[in-house]
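These are the residues of each chain, in order.
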Amino acid sequence: MSVARFWRKQQNRYNLIGNQCTVCGKYFYPPRGFCPVCRREGKIIEHQFKGTGKVVTYTIIRSSSGNFKLLTPYVLAIIELDEGSRLTTHLVCDIDKVYIGMPVRRVFRKLGEEGSSGAIFYGTKFVPA
């Protein structure tokens with residue numbers, strides 16, 4: 001991905017912005033260029049997701065490398081947003097208290113940093129609602 005495209009996509013990642021097809025009503029995250037259901041007949045508009053949903057499935061990561069090594073154990077989950085889209089994300093919670101169907105909400109958190117004195121990057125994670 002080019003540097004310019006990377007920075008254009010930050011708004012979507014930071015603010016959970018996707019899109020919706022006004023013909024069939026389906027929501028998409030990450031954003032799509034056209035509706036995969038309606039194809040050419042679909043009309044795509046930008047949509048700001050509420051950031052609430054539920055856990056569809058999850059796994060507990062107990063062994064990792066690099067920047068994630070200090071986070072272990074942690075929960076990696078597939079979240080279904082209230083609007084219907086699903087995304088894979090880090091779920092910040094006690095690993096013994098996570099369950100399928102658990103209501104969650106998005107939060108803005110540190111994702112990592114480049115090197116010991118590099119840039120810190122942030123993004124969306126989820127916590128129990």
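That block above? That's the structure.
Residues numbered from 1 in each chain as written. Predicted model: local features only at pLDDT ≥ 70, side-chain atom pairs only at ≥ 80, totals over all residues. Heavy atoms only, no water.

Caption draft 1: The arrangement of the sheet that holds strand β2 (residues 27–28) in detail. Taken together, three strands build an open sheet; the order of strands is β2-β1-β3 and the sheet is antiparallel. Taken across any chain shown, the strands that pair with only one partner, and hence form the sheet edges, are β2 and β3 (44–48). By the bridge criterion, five bridges tie strand β1 (residues 17–21) to β3 in an arrangement that is antiparallel. Opposite Q20, over in β3, you have I45 as the bridge partner. (Pairing = 2+ DSSP bridges. Helix = DSSP H or I, 4+ residues; strand = E, 2+ residues; numbered from the N terminus.)

Caption draft 2: Focus on a nonpolar patch on the surface. Together, F108, I120 and Y122 line one region of the surface with nonpolar side chains, adding up to about 290 Å² of accessible area. Mapped onto the elements of the fold, I120 is located in strand β8 (residues 120–128). Classification of I120 as partly exposed rests on a relative accessible area of 42%. (Patch = residues over 30% accessible without salt bridge, like charges linked within 9 Å, V, L, I, M, F, W, Y side chains within 5 Å. Areas by Shrake-Rupley, 256 points an atom, 1.4 Å probe, with all protein chains shown as cover. Salt bridge = Lys/Arg side-chain N within 4 Å of Asp/Glu carboxyl O. Buried < 20%, exposed > 50% of the residue type's maximum accessible area, 1.4 Å probe, protein only.)

Caption draft 3: Just the environment of P36, in detail. Within the secondary structure, P36 is located in the loop between β2 and β3. You can call P36 partly exposed: its relative accessible area is 31%. In this structure the C-alpha to C-alpha distance between P36 and K26, which are 10 residues apart in sequence, comes to 9.7 Å.

Caption draft 4: Just the pattern of salt bridges, in detail. Throughout the structure, instances matching the rule amount to two salt bridges. A salt bridge links E80 to R86, with the shortest nitrogen-to-oxygen separation between them at 2.9 Å. Under the relative-accessibility criterion, R86 is labelled partly exposed at 48%.

Caption draft 5: Fine view of the nonpolar core. In terms of nonpolar packing, the biggest core is built from 15 residues, with V55, I79, L81, L91, V104 and F126 touching the most fellow members. When residues in this core are grouped by element, the largest group, four residues, is from strand β5 (residues 74–81). Setting aside anything within four residues of it in sequence, one finds V104 in contact with G51, T52, G53, K54, V55, I79, L91, F126, V127, P128 and A129. (Core = buried A, V, L, I, M, F, W, Y, C linked by side-chain atoms within 4.5 Å. Contact = heavy atoms within 4.5 Å.)

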